[in-house]
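What follows is the residue order along each chain.
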Amino acid sequence: QQQVKQSPQSLIVQKGGISIINCAYENTAFDYFPWYQQFPGKGPALLIAIRPDVSEKKEGRFTISFNKSAKQFSLHIMDSQPGDSATYFCAASKGPRRDNDMRFGAGTRLTVKP
Amino acid sequence: SQTIHQWPATLVQPVGSPLSLECTVEGTSNPNLYWYRQAAGRGLQLLFYSVGIGQISSEVPQNLSASRPQDRQFILSSKKLLLSDSGFYLCAWSSGGAPNEQFFGPGTRLTVL
């Protein structure tokens with residue numbers, strides 16, 4: 001069952017613009033929300049993550065906004081660059097637990113045009 | 001620092017042939033280990049996870065199996081491959097102390113013909 005819904009499926013942004021990717025989750029027990037960046041032919045790399053005790057987390061040009069009441073979180077990429085062109089996955093899990101319950105969104109293919 | 005290796009990087013196999021993909025982790029002990037499959041242009045589907053040697057949990061029934069013969073080694077196998085087994089296979093690990101944070105290997109591209 002799809003517990004994390006991600007949108008849009010694809011996104012085209014001009015260089016210097018803001019890229020916004022949204023995710024919604026169903027299980028209120030989730031308490032860890034990471035974003036992964038994946039380049040073609042490579043494994044996903046952990047980009048940034050947030051826990052529900054904060055509403056926003058910023059690392060460089062990447063910001064996660066979290067809305068616990070709406071069960072939504074989003075990734076904002078400021079000053080988007082062509083090198084940011086990749087597929088981005090959101091995920092959600094509950095823990096800490098040694099077993100796995102990480103649920104991934106379907107991914108968003110971001111293209112940043114120069 | 002921790003590193004995760006997968007091999008082979010690419011593999012082309014005929015239908016009905018066996019499969020063995022290997023994943024090893026360095027720089028950590030007693031990791032949680034995971035196998036995912038990623039179909040073209042799609043998200044990640046968890047296949048198996050392991051919290052210790054010989055402990056394997058399966059998320060979905062399928063033509064594949066997994067084994068963990070050593071603490072930092074995770075193997076994905078099949079006795080007879082199907083066309084539908086084609087995909088990008090990813091191994092991941094997480095620490096027992098921070099099990100939420102999963103780190104992925106470089107992946108194996110499997111094509112079944």
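As a reminder, the structure under discussion sits directly above these lines.
The following refers to the structure shown. (Residues numbered from 1 in each chain as written. Chains lettered and ligands numbered in written order. Predicted model: local features only at pLDDT ≥ 70, side-chain atom pairs only at ≥ 80, totals over all residues. Heavy atoms only, no water.)

1. Quick word on the pattern of salt bridges
Residue and element names in this part refer to chain B. Across all of its chains, the model carries four salt bridges over all chains by this definition. Residue Asp71 is joined to Arg68 by a salt bridge in which the shortest nitrogen-to-oxygen separation is 3.3 Å. On the accessibility criterion, Arg68 (3% relative accessible area) is buried. (Salt bridge = Lys/Arg side-chain N within 4 Å of Asp/Glu carboxyl O. Buried < 20%, exposed > 50% of the residue type's maximum accessible area, 1.4 Å probe, protein only.)

2. Overview of the sheet that holds strand β6 (residues 56–59) of chain A
Residue and element names in this part refer to chain A. Within the open sheet, the five strands sit side by side as β1-β3-β8-β7-β6. Their pairing is antiparallel. At either end of the open sheet lies a strand with only one pairing partner, and these are β1 (4–7) and β6. Averaged over all adjacent pairs, the angle separating strand axes in this sheet is 15 degrees, with direction ignored. By the bridge criterion, four bridges tie β1 to strand β3 (residues 19–25) in an arrangement that is antiparallel. The residue of β3 that forms the bridge with Ser7 is Asn22. (Pairing = 2+ DSSP bridges. Helix = DSSP H or I, 4+ residues; strand = E, 2+ residues; numbered from the N terminus. Axes fitted to C-alpha atoms, helices over the stretch in contact; angles between N-to-C directions.)

3. Side note on the interface of chain A and chain B
Where interface size is given, it is often the accessible area lost as the parts come together that is meant. Listed as interface residues are 23 residues of chain A and, on the opposing side, 24 residues of chain B. Taking both partners together, chain A and chain B bury about 1900 Å²; carbon and sulfur atoms supply 50% of that area. Summed over the shared surface of chain A and chain B, the number is zero salt bridges. Summed over the shared surface of chain A and chain B, the number is two residue pairs in polar contact (both at pLDDT 80 or more). Looking at the side of chain A that touches chain B, the elements that each hand over two or more residues are β4 (33–38) and β10 (103–104) of chain A. Here the residues of the side of chain A that touches chain B are counted per class, giving nine nonpolar, seven polar and seven charged. (Contact = heavy atoms within 4.5 Å. Buried area = accessible area lost by both parts, 1.4 Å probe. Polar contact = N/O pair within 3.5 Å; in protein donor to acceptor, adjacent residues only side chain to side chain. Nonpolar A, V, L, I, M, F, W, Y, C, P; charged D, E, K, R; others polar.)

4. As for the packing of aromatic side chains
All told, the structure shown has 15 aromatic pairs over all chains when counted by the stated rule. Residues A:Tyr36 and B:Phe104 carry aromatic rings whose centres are separated by 5.4 Å and whose planes lie at 90 degrees to one another, so their mutual orientation is edge-to-face. Here A:Tyr36, found in strand β4, pairs with B:Phe104, found in strand β10 (residues 103–104), and the two come from separate chains. By the burial criterion, A:Tyr36 is buried, and B:Phe104 matches it. Judged by centre distance (6.1 Å) and plane angle (25 degrees), the ring pair of B:Trp35 and B:Phe74 falls under stacked. With a gap of 39 residues between them, B:Trp35 in strand β4 (residues 32–38) and B:Phe74 in strand β8 (residues 73–78) connect regions that are remote in the sequence. (Phe/Tyr/Trp six-rings, centres within 6.5 Å; stacked < 30°, edge-to-face > 60°.)

5. Re unusual backbone geometry
Between A:Ser7 and the following residue, A:Pro8, the backbone shows a cis peptide bond with an omega angle of -5 degrees. Among the structural elements, A:Pro8 can be located in the loop between β1 and β2 (10–14). The amide bond that connects B:Trp7 to the next residue, B:Pro8, takes the cis arrangement and shows omega of 0 degrees. Notably, A:Lys71 is not glycine yet its phi reads approximately 55 degrees, a positive angle. Structurally, A:Lys71 is set in the loop between β7 (62–67) and β8 (72–77). Residue A:Lys71 is classed as partly exposed on the basis of its relative accessible area, which comes to 28%.

6. Structural notes on the state of the cysteines
Residue and element names in this part refer to chain A. Per the stated rule, a full pass over the model turns up two disulfides over all chains. The partner cysteine of Cys23 in its disulfide is Cys90, sulfur to sulfur 1.8 Å. Disulfide Cys23 to Cys90: torsion about the S-S bond roughly -95 degrees, handedness left-handed. Linking Cys23 in strand β3 with Cys90 in strand β9 (residues 86–92), this pair joins segments that are 67 residues apart in sequence. The exposure classification of Cys23 matches that of Cys90, with both residues buried. (Disulfide = S-S within 2.5 Å.)

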